[in-house]
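Here is what each chain is made of, one letter per residue.
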Amino acid sequence: MKKLLLAVAVVAFLASCKKDYTCDCVDTSGIEPLFPPTSTSFDGLNNSDADAQETACTAGNGVSFYTCTWSEK
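Undergrad: Help me out: how do you make sense of a nonpolar patch on the surface in this one?
TA: A contiguous nonpolar patch, built from Ile31, Leu34, Phe35 and Phe65 and spanning about 440 Å² of accessible area, is present on the exposed surface. Relative to the assigned elements, phenylalanine 35 resides in the loop between strand E1 (19-27) and strand E2 (38-45). By relative accessible area, which is 44% here, phenylalanine 35 ends up partly exposed.

Below, the structure is given as structure tokens:
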């Protein structure tokens, strides 16, 4: 039982760690780039906040001239 509680505590601790992420966007219009590349940093996000920001970062892919990628720093 003690081993199970220790394992759950370790998993909970790792899941709550805050990490830093970046949303990088580039113009993929295929012609001379109309917009400069952008990079936005997101520091100290927990897992649920990171998932929400990743969804927002990549939401326009395929429907706009910007293609954005989400990555951990």
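Undergrad: Please explain the sheet that holds E1 as it appears in this structure.
TA: Sheet strands associate in pairs through backbone hydrogen bonding, adopting either a parallel or an antiparallel arrangement. Pairing is antiparallel across the open sheet formed by three strands, whose spatial order is E2-E1-E3. Of all the strands in the sheet, just E2 and strand E3 (66-72) have a single pairing partner and so form its edges. With strand direction ignored, the average angle separating the axes of adjacent strands in the sheet is 15 degrees. As paired strands, E1 and E2 are joined by six bridges and run antiparallel to one another.

About the thresholds
Residues numbered from 1 in each chain as written. Predicted model: local features only at pLDDT ≥ 70, side-chain atom pairs only at ≥ 80, totals over all residues. Heavy atoms only, no water. Patch = residues over 30% accessible without salt bridge, like charges linked within 9 Å, V, L, I, M, F, W, Y side chains within 5 Å. Areas by Shrake-Rupley, 256 points an atom, 1.4 Å probe, with all protein chains shown as cover. Salt bridge = Lys/Arg side-chain N within 4 Å of Asp/Glu carboxyl O. Helix = DSSP H or I, 4+ residues; strand = E, 2+ residues; numbered from the N terminus. Buried < 20%, exposed > 50% of the residue type's maximum accessible area, 1.4 Å probe, protein only. Pairing = 2+ DSSP bridges. Axes fitted to C-alpha atoms, helices over the stretch in contact; angles between N-to-C directions.

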